[in-house]
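Coordinate analysis (summary)
So the chains spell out like this:
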Amino acid sequence: MTRSESAGRIFAGIVRICARRTLPILFAWLANFLTLLAAIQAFAAAGFQTLSNSVIFLDLTGIIAFDAIREWEAARRLRCGFLGMGRNGSCVHTGKVRVYLKNREKGLWVMKHIAIGILGAATLGLMASAASATTLDTVKAKGFIQCGVSTGLAGFSAPDDKGDWQGIDADFCRAVAAAVFGDGTKVKFTPLSAKERFTALQSGEVDILSRNTTWTINRDTALGLNFVGTTYYDGQGFMINAKKLPGVNSALQLSGAAVCVQSGTTTELNLADYFKANKMEYNPVVFEKLEEVNAAYDAGRCDVYTTDQSGLYGIRLTLGSPADHVVLPEIISKEPLGPAVRQGDDQWYHIVKWTYFALLDAEELGITKANVDEMKSSASPEIKRVLGQEADTKIGTDLGVSNDWVVNIVKAVGNYGEMFDRNVGSGSPLKIARGINALWTKGGLQYAPPIR
Amino acid sequence: MQEHDMSWVRTEMALAQPAPAGVVGFGAWVRKNLIASAGDTILTIVGIALVVMILPQIINWAFIDAVWTGPNRTVCATVAQGGIQPDGWSGACWAFVNAKFGQIMFGTYPVEERWRPILVGILLVVLLLPMLIPSVPRKGLNALLLIVVFPIVSFFLLVGGAFGLEHVETARWGGLLVTLSLSFVAIVVSLPLGIVLALGRRSRMPVVKMLCVIFIEAVRGIPLITVLFMASVMLPLFLPPGVTFDKYLRALIGVSLFAAAYMAEVVRGGLQAIPKGQYEGADSLGLGYWQKMYLIVMPQALKLVIPGIVNTFIGMFKDTSLVTIISMFDLLGIVKQNFSDANWATAQTARSGLIFAAFVFWLFCFGMSRYSMYTERRLDTGHKR
C-alpha cells in the first residue's frame, strides 16, 4: 500500500465518520430548508394570484404562519412521543432521533418566527394606521386630503387641460376637503390602477378611495373597506347602431345580434346571463382591450356594444357618427359606484359619509353654489339648520368639522345636482340623463337622511 | 541595355478620363438602383404606386386638414359628432396635443414652477452637446459636470425643498420629464455598473464572480414589469404606515438595475471578443489589473459593442413607458390618460395623441442611433470587414 493510498483510506474513513454524524443533521436542515422554501413559494404564489385582493393575500400569510406554529408544536410533541414525557416535562431519548428532532424543531422555530414576522409586518400596515392617530388628525396635520382616483375615466376622474383632476369622483374629494378645511383645493390626487386601489387605501397611501369602485359585500367586509354611499348608480347597458338596427328600442329585441364585449370582465358574464335568462341568441365578439372593442364597434364588426352605461356615453363621443348610436334604457347589472374609506375609523367614515349626504340634502333644499350665501339668512329653519346658522348648533362640531361645513361644501363644488350636471350631465360633453341618479323626490334613488 | 529601343513602354501616365456617361449622374443612379432588372422595375413601380396612394392622404390628414388650435372637442369633431367640422372631415387633432402640451412635457408639475424642469433641460443640452462633439476641448471637466454635478443640481432643482425652492413631490412629475429623467439616470448608472458587473463575471475570484452571476441572471430572469408591480402593490403592505417609498424612486432603482444587468452582458460580449494576446501583451508590459483593463482591454471592447450599448439605451428609453403600471405617467402614459378627458373625446383624439407620442419617442431614439453610427465611424481603426 503506497503512502497516498493509505492517506486516501484514512481520509475516506474520516469522511465516512463525518458523514454518518452530519448527514442526518444535514438532511434535517435540508428538510427544514425545503419546508421554508415551499412556504416562501406558496407565499409568493399567493401574493401573485390575489394581488387585487390583498386581504386574502394576508389571510394566506396567516395560514402559512399558523401551519408553521402547528408543525412546531407537533414536532415538540413528537420529540416526547418516542419515549414519553419525563416527570419534569422534559423528554428523554438519545442519538440521531434527538438530534434530528432538535434540528427540526429549531428549523420550524425559525420558520415560525419568519412567518410571524411577515404576518406582523403586513398586519401592522393595516392596523397601525387605525391604532395610532385618527385619519382626521393625520389629515389635519398634513394639511390636505390624499384622494385616490382612477387613471382616467371621462366624467368621473380625468385630467383637464391644466392637469387638474375633474369629474364626480374628484369633486367628491374636494367636497370632503371643503368640509374639513373649509377649502376645496386642499386635496391631492393619486391616480390608481384597478389593481392598486385597495392596497393604496389599506396602507394609508390615500385617505379616500373615490375611484368609480363598485360597492359589494366582499369589498365592504373582507377587504377592510367601508363604502360611504353611492355617488353614482351605474349598471351595464347596451349601445346600438340605430342605422344598422332600425326600430330597436329595447335590449329584449336584440336576439341574434353580434355583441362587442371586453373579455375577462364581469361584463362578459352579465351579458351571457342576461341573454340566457331572456332565451335569446347572441354572437359575442370578444376583445382583450377596451381600445380594440371601441375600434371594432366603430368599424361595424358588431351591432351592439355592452359595458357600464356611464362608459357607453364616453365611448359614444369618440365614434365616427355619435348621433347614429343609441344607448338602450335597460340596465342588466347593479354597479353602485361610491367612495370608500378604511375600516376602523368611525369619525372619518362619518365625515365622508355625511359630506355625501350634505351634497344630496343641499340639492333637495335648493341650496346651490350661487345662492348659498343668501340661503344662510333663509326663513326656513331646516335650511338654517343645515347651513349651521342656528344658535348654539353643534351639528358640525359633533362631526369633527366646523359648523358651516355644508356652506363650505356647496361653495366648493355646489350641490349633488350641480356636480352631476357639470361633470357627466347636461353641462358636460357626456350628456348623461339623471335617470336613477335623480333625487328620491324626483323619482330617482338618491336619498339622504336629514341633517338635524 | 540603354541602347535598346524600349519605346513600347509608356514613359508618361495616361491622363485620367471622365467616367462614361452611363455610370454617373442621376440617370445612372436610377438605372442602377431602380430599374436594374425586370424584378427591380416591377418593385419600383409597385413602390411608387403605394407612395402615391398613401402619401397624399397622410399629408392631408396630418397637415392640410389638421386642426392646430382650439378650446375643446368641437374643433376636432364633425357636425354630426357635435362639432364644427363639415361631415366627412378627417384630420389630425393637434389642438388636443397643443392643449395638453404642458402636461405631456411636465405632467402635473405646478405651472408656476415649470421654469425649473425647463432650466434642467437647458442645462442638459448645454452640457451634453459639447460632450457629444469630439472637437470641443476639456472633455474631462465636461464629463465631471455632466455626470456628477448636473444630477445633483437637477435633483435640487426638480425636487426642491431647499434653497427657497418649493418642494414638488414626484407624484406630480410626468410626461417627457419622467421619461427623460428616468432614462438619463438609468444610462448614467447602468454603463459603469454594467462594466463592473461584466468584469466581475469574468473575474477569477469565485465570490465576486458568483455574486455578479447571481445578480445578472436573477435580474435578467424577471420581467421589469413584475418588479415594478411588486414594488408598487406588495411593498406598501410590509412597510409601517407613514413610511412610503417614493414611487418614482422605486421605478428609478428598478430601471437602473435592470439596465445594468443587460449592459453587463453586452460589455461581456465585447470582453470576449478581445484576443488573449492583448491581455498577455498588457501583462508582459507589467500593467496591473485595472491599468490593463483601462488602457488596453476596455477601449477595444467598448468600441466593439457600441451598437449593443446603444441598443440597450434605446430599449431602456422605451421601457420607461412601463412605469404606467405603477400609476406613474411618462410621455405615453400621460397622453393616454388624457384620452379620458370628455372635453377632448373625439374620433381623432387618440390617433393624434399616439402619433405625437410616437414621433417624440422616434426623435430621441433615432438621434441616439445616428450618433452611435457616427461614433462607430469615428472610432473605426480599420478592423472593418
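This is a predicted model, so every value here is computed, not measured.

As for the overall build of chain B
- Each helix and strand in chain B was counted, giving 15 helices and zero strands.
- Against the compact-globule benchmark of 21 Å for 385 residues, chain B has a radius of gyration of 28 Å, which places it well outside the compact range.
- Principal-axis analysis of the C-alpha atoms gives chain B an extent of 105 × 65 × 40 Å.
- Counting the 385 residues in chain B, one finds 31% classified as buried.

As for unusual backbone geometry
- Phi at A:Asp392 takes a positive value of approximately 55°, unusual for a residue other than glycine.
- We note that B:Arg138 has phi near 60°; this positive angle belongs to a residue other than glycine.
- If you trace the backbone, B:Arg138 turns up in the loop between α5 (115-132) and α6 (139-159).
- Assessed through the 10 C-beta atoms surrounding it within 10 Å, B:Arg138 is described here as exposed.

Some details on the pairing of strand β11 (residues 304-308) of chain A
Residue and element names in this part refer to chain A.
- Burial runs high along β11: five of the five residues are buried.
- With five bridges joining them, strand β8 (residues 236-241) and β11 adopt antiparallel strand pairing. Residue pairing for β11: glycine 237 is matched across the bridge by threonine 307.
- When strand β9 (residues 257-262) meets β11, the two strands line up parallel, connected through two bridges. Across the sheet, the residue bridging to valine 259 is valine 304, located in β11.

Focus: the pairing of β8(A)
Residues and elements named next belong to chain A.
- The element β8 is largely enclosed, with a buried count of six among its six residues.
- Because side chains alternate across β8, one face comprises the buried residues Gln236, Phe238 and Ile240, and the other comprises Gly237, Met239 and Asn241, equally buried.
- As paired elements, β8 and strand β12 (residues 325-327) share three bridges and run antiparallel to each other. Paired with asparagine 241 across the two strands is histidine 325, which belongs to β12.

Details of the UniProt feature "transmembrane region" (unreviewed entry) in chain B
- Sites flagged by UniProt as "transmembrane region" (unreviewed entry) map to residues 41-64, 115-136, 143-165, 177-199, 211-236, 248-267, 301-329 and 349-368 of chain B.
- The distance separating the terminal C-alpha atoms of residues 301-329 of chain B is 37 Å; by composition the span is 62% helix and 0% strand.

Examining the confidence of the model for chain B
- Taken residue by residue, chain B gives an average pLDDT of 87. The fraction at 70 or more is 95%.
- Two numbers describe this predicted complex: its pTM, 0.76, and its ipTM, 0.77.

Focus on helix α14 (residues 331-338) of chain B
- With respect to burial, α14(B) is a largely interior element, seven of its eight residues being buried.
- For α14(B), the complete set of buried residues consists of B:Leu331, B:Leu332, B:Gly333, B:Ile334, B:Val335, B:Gln337 and B:Asn338.
- Buried residues in α14(B) make contact with β2 (158-159) of chain A together with α4 (101-106), α7 (175-201) and α15 (349-379) of chain B.

Considering the nonpolar core
- Residues A:Val176 and A:Ile409 are the most contacted members of the largest nonpolar core, which totals 161 residues.
- Setting aside residues no more than four positions away along its own chain, A:Val176 makes contact with A:Ile145, A:Ile208, A:Ile351, A:Val352 and A:Thr355.

Examining helix α10 (residues 309-317) of chain A
All names here are of chain A.
- Burial runs high along α10: nine of the nine residues are buried.
- For α10, the complete set of buried residues consists of Gln309, Ser310, Gly311, Leu312, Tyr313, Gly314, Ile315, Arg316 and Leu317.
- Here the buried face of α10 lies against β7 (232-234), β8, α9 (290-298), β11 and β12.

The rules we used
Residues numbered from 1 in each chain as written. Chains lettered and ligands numbered in written order. Predicted model: local features only at pLDDT ≥ 70, side-chain atom pairs only at ≥ 80, totals over all residues. Helix = DSSP H or I, 4+ residues; strand = E, 2+ residues; numbered from the N terminus. Rg over C-alpha atoms; globule rule 2.2 N^0.38 Å. Buried ≥ 20, exposed ≤ 12 C-beta atoms within 10 Å, placed from the backbone. Pairing = 2+ DSSP bridges. UniProt positions renumbered as here; feature names shortened; annotations may be inferred. pLDDT = per-residue confidence, 0-100. Contact = placed C-beta atoms within 7 Å. Core = buried A, V, L, I, M, F, W, Y, C linked by C-beta atoms within 7 Å.

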